[in-house]
Amino acid sequence: MSVKHVLTTCPYCGTGCNFFLQVADGRLVGVVPCKTDEISLGRLCIKGYNAHAFVQHPDRLKHPMIREGGQLKQVTWEQAMDRIVKEVTRIREKFGPDSIAVLASAKCTNEENYLIQKLARAALGTNNVDHCARLCHASTVSGLLYSFGSGAMTNTIPEFDNAECILITGSNTLEAHPMIGARMLRALDKGAKIIVVDPRETPLSRISHLSLHQRPGTDISWINGMIKIIIDEGLVNEEFVKQRTTAFDELKEVVKDYTAEKVEATTGIPREKLVEAARLYAKTEKAMIAYAMGITQHSNGTNLVKAMANLAMVTGHIGKESTGLNPLRGQCNVQGACDAGGLPNLFPGYQRVDDPESKAKFEKAWGVQLPGNPGLTLTCAMKEAMAGKLKAMIIFGENVMISDPDLGHLEEAIEELEFLAVVDIFPTETAQKAHVVLPAGCYAEKDGTFTSTDRAIRLLRKAVDPPGEARADWVIACDLGKRLGSPGFDFSSPAEVMAEMASLTPQYAGIDFGRIDKQVLRWPCPTKEHQGTRILHTQKFTKGLGVFAPVEHAPPMEEPSEEYPFILTTGRNLFQYHTGTMTRRSPKLEREAPEPYVEINGSDAKRLGINDGERVAVSSKRGSITLKARVTDRIILGSIFIPFHYAEAAANRLTNAALDPISNIPELKVCAAKVAKA
């Protein structure tokens, strides 16, 4: 028997833990932590320990398929690729290149995302390329680009260890990012004060110094309220504000009306707790903010992110060791998919597609004329499909039929498409709708890189071969590009792809596989001699001066009513991941969290006569699902919570597709709902 251990990077949340895949006679048999990894420190979460379990699952897609007579049937690669090229060519010639959209993927590597956006732009002639960041942190990108000039974590994950105060909001960190949560616990052990602001009780809130429960959709109110307290009590970092920022007077004018009494009435947060939180955060020297989708997934998500940036800047808590503003990315490579240009308005490295200089740079490098207008976001593409204007999509590794809001309408939009091709590792709910399905290799079956939430570029190393005829996404993207007649897809390895990406992406200019095989490098890394950047905005912001944004509280697009009296919010649990395609095929993870549930406050349940474990129907204006009630005091009165992992009771059948006008992120975190016995 031959046994080997292959060092690679975890395919789950954006923390970027390294571990060894155990391979015996060509089959994965286990996972071993890496003691020298600076992120995981030789430990893993429950999902990390089970990251091998789905790879050889019998459900893996092994052969290309084409839909004939309503059924997907096995064909050769030649037949499948010919069908894709024939259909997208026909549609492009008849309706124009912008009648086609391509989805990149947070599950794909940086190199694959680079090729996928190049496929859309150079081979198909459209900027209609996007990915699931549109559903999670698009508002982080737009908000922090406005405030700081860079839409990423300002610090590194290890710095949580030495923070003296950590304000966590919109993040159930110990369940969604367990190894980052472990860092927060280390800080707590050293004496750090933890503040958690969340509508639900979370594992961290139970042991926090301060736990504040706000009504969902009222976050700008409590953030502005904290800023007003900081201003009124003379806790502003005057030197920082004067030297490093602009528009502070406009911010002061807006927040002056957010008294603690008014904030309490809006949010439900007791005034004395708000005051204590503001003082604690402002007075602590090393203070970090961590946030996730509880902040970003709102119809005013961009303004919410700007408000968080205001809070950090008014106290000068930015640009220093263990001091900054840190969005926690939820998927393994959602940061990298953004960096690599999987966005409709930005080339790799956040260079605008409508900037003539950037456009000319990429046209020269790729040898083609490129479109100059921003393309459709994922959420707008679905609306265009529903209107019959978008005719075809090629989807790499995204399961929109579970992850997107208002699934009933989304399903109608997908069915309006003349052609849909899906590239994935499992027969997902989205693949079941496709005309052509291509089998892809997963993280354990290819080389490449992920970029973790703290901007570290981490290597994937191939451990086993893909099943059957499955191929790595980068091989598929290159083949499609060449078949569509585009130059620039003759790559023989992911390392070659990274070399081209680095040559066109200033933040990655110093990155190559040889360097990151030996050390952890974080962007910006502008030269081959540069050692990477741990802390952003140390001397000045990426855009020069930080910009305060005077943003006002606005209610959610849909509020409780007599018919729909509850506020529904959604999220993750410890054992499942995203749409469940991988974790639900991992026996030990599925055993721990095998079925969907709705959390409802004990008093609400008693009033409705609902017992713990009883089947209930949860409905919104868009649909209804049936699932088990979990009666708990973890959630505040009048709110309910459903994890979005479960296809059989998909929470997104209920959620609202209302969009933030700047980032186009949907309001997945708040909608009106009702609960009744099933």
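Residues numbered from 1 in each chain as written. Predicted model: local features only at pLDDT ≥ 70, side-chain atom pairs only at ≥ 80, totals over all residues. Heavy atoms only, no water.

Participant: Looking at this structure, how should I read the overall build of the protein chain?
Facilitator: Check the secondary structure of the protein chain and you find 25 helices and 28 strands. Here the protein chain has a C-alpha radius of gyration of 24 Å; the compact-globule value for 678 residues is 26 Å, and the two agree. Overall size of the protein chain, expressed as C-alpha extent along the three principal axes, is 70 × 60 × 55 Å. A total of 678 residues make up the protein chain; the buried ones form 65% of that total. In the protein chain, 74% of the contacts between residues at least 6 apart in sequence involve partners at least 24 apart. When the accessible area of the protein chain is evaluated, it comes to approximately 22,900 Å², of which 49% is carbon and sulfur surface. Distance between charge centroids for the protein chain: 2 Å, based on 79 positive and 80 negative side chains. (Helix = DSSP H or I, 4+ residues; strand = E, 2+ residues; numbered from the N terminus. Rg over C-alpha atoms; globule rule 2.2 N^0.38 Å. Buried < 20%, exposed > 50% of the residue type's maximum accessible area, 1.4 Å probe, protein only. Contact = heavy atoms within 4.5 Å. Areas by Shrake-Rupley, 256 points an atom, 1.4 Å probe, with all protein chains shown as cover. Lys, Arg positive; Asp, Glu negative; His and termini not counted. Charge placed at Lys NZ, Arg CZ, Asp CG, Glu CD.)

Participant: For this particular structure, what's the right way to read the layout of surface pockets?
Facilitator: Summary: where empty space remains is shown by rolling a probe the size of a single water molecule over the atoms. Here the largest pocket is characterised by a volume of approximately 340 Å³. Around the largest pocket, the lining comprises 17 residues; the ones closest to its centre are Arg134, Ser142, Asn345, Arg352 and Ile662. Counted by class, the lining of the largest pocket contains nine nonpolar, six polar and two charged residues. (1 Å grid on protein atoms, 1.4 Å probe; cavity = no way out; pocket = protein on both sides within 12 Å on 5 of 7 lines; lining within 4 Å. Points joined across faces, edges and corners; volume = space filled by probe spheres on them. Nonpolar A, V, L, I, M, F, W, Y, C, P; charged D, E, K, R; others polar.)

Participant: What is the right way to look at helix H9 (residues 219-232) in this model?
Facilitator: Given 3.6 residues per turn, any residue in an α-helix points the same way as the ones three and four places further on. Taking 1.5 Å of rise per residue, the 14 residues of H9 would be expected to cover 20 Å, and the 20 Å separating its terminal C-alpha atoms lies within 8% of that figure. Within H9, burial applies to Asp219, Ile220, Ser221, Trp222, Ile223, Asn224, Gly225, Met226, Ile227, Lys228, Ile229 and Ile230. In the stretch just after H9, Gly234 is the one whose phi turns positive, near 70°. (Expected span 1.5 Å × (residues − 1).)

Participant: Please explain empty space enclosed by the protein as it appears in this structure.
Facilitator: By the definition in use, this model includes seven cavities of 30 Å³ or more. Considering the residues around the largest cavity, the lining is formed by 27 residues, among which Gly170, Ser171, Gly294, Thr570 and Lys669 are closest to the centre. Mapped by element, the contributors of at least two residues to the lining of the largest cavity are helix H14 (293-296) and strand E23 (566-571). Among the elements that take part in the lining of the largest cavity, E23 stands out by supplying three residues, more than any other. Taken together, the residues of the lining of the largest cavity sort by class into eight nonpolar, 14 polar and five charged.

Participant: What am I meant to see in the packing of H9 against helix H15 (residues 301-314) here?
Facilitator: Relative orientation of the contacting elements H9 and H15 amounts to 15°, with a least axis distance of 10 Å. The orientation of H9 with respect to H15, classified from their angle, is roughly parallel. In this structure, H9 crosses over H15, and the sense of that crossing is left-handed. Note on element contacts: H15 touches H9 through Asn303, Leu304, Ala307, Met308, Asn310, Leu311 and Val314, opposite Asp219, Ile220, Ile223, Met226, Ile227 and Ile230. Grouping the amino acids of the contact of H9 with H15 by side-chain chemistry returns 10 nonpolar, two polar and one charged. (Axes fitted to C-alpha atoms, helices over the stretch in contact; angles between N-to-C directions. Parallel < 35°, antiparallel > 145°, perpendicular 65-115°, else oblique. Left-handed = near helix turned anticlockwise from the far one by under 90°.)

Participant: How should I be thinking about the sheet that holds strand E1 (residues 3-9) in this particular structure?
Facilitator: Strands pair in a sheet through their backbones, by hydrogen bonds, and they do so in one of two ways: parallel or antiparallel. Read from one edge to the other, the open sheet built from three strands follows the order E1-E2-E3, with strand pairing classed as antiparallel. Bordering the open sheet on either side are E1 and strand E3 (27-33), each of which pairs with just one other strand. Taking the axes of each pair of neighbouring strands and ignoring which way they run, one obtains an average angle of 30° across the sheet. Two strands pair when backbone bridges link them, and E1 and strand E2 (residues 18-24) are joined in this way by seven bridges, in the antiparallel orientation. Opposite Val3, over in E2, you have Ala24 as the bridge partner. (Pairing = 2+ DSSP bridges.)

Participant: Any chance you could explain the pattern of salt bridges here in plain terms?
Facilitator: Throughout the structure, instances matching the rule amount to 46 salt bridges. Arg534 is the partner of Glu159 in a salt bridge, and the nearest nitrogen-oxygen pair spans 3.8 Å. Within this pair, whereas Glu159 is found in the loop between helix H5 (138-147) and strand E8 (165-169), its partner Arg534 is found in the loop between strand E21 (521-522) and strand E22 (546-547), the two being separated by 375 residues in sequence. In this structure Glu159 comes out as buried when scored by relative accessible area, which is 1%. (Salt bridge = Lys/Arg side-chain N within 4 Å of Asp/Glu carboxyl O.)

Participant: Can you help me understand the environment of Ile642 in this one?
Facilitator: Take Ile642: it is sitting in strand E27 (residues 639-643). Along the chain, Ile642 and Thr569 lie 73 residues apart, while their C-alpha atoms are 6.7 Å from each other. Excluding residues that lie within four positions of it along the chain, Ile642 makes contacts with Leu568, Thr569, Thr570, Gly571, Tyr597, Val598, Val618, Ile625, Leu627, Ala651 and Leu654.

Participant: Just checking my understanding: could you explain the packing of aromatic side chains for this structure?
Facilitator: Given two aromatic rings, their pairing is described by the distance between the two centres and the angle made by the two planes. Using the criterion set out here, one finds 12 aromatic pairs in the structure. Considering the side-chain rings of Phe362 and Trp366, the 5.1 Å spacing of their centres and the 65° angle between planes classify their relative orientation as edge-to-face. Placement of both Phe362 and Trp366 in helix H17 (residues 356-366) is noted, with a separation of four residues, approximately one turn of the helix. Over the aromatic face of Tyr597 sits the side chain of Arg630, whose NZ or CZ is 3.6 Å from the ring centroid. (Phe/Tyr/Trp six-rings, centres within 6.5 Å; stacked < 30°, edge-to-face > 60°. Lys NZ or Arg CZ within 6 Å of the ring centre and 35° of its normal.)

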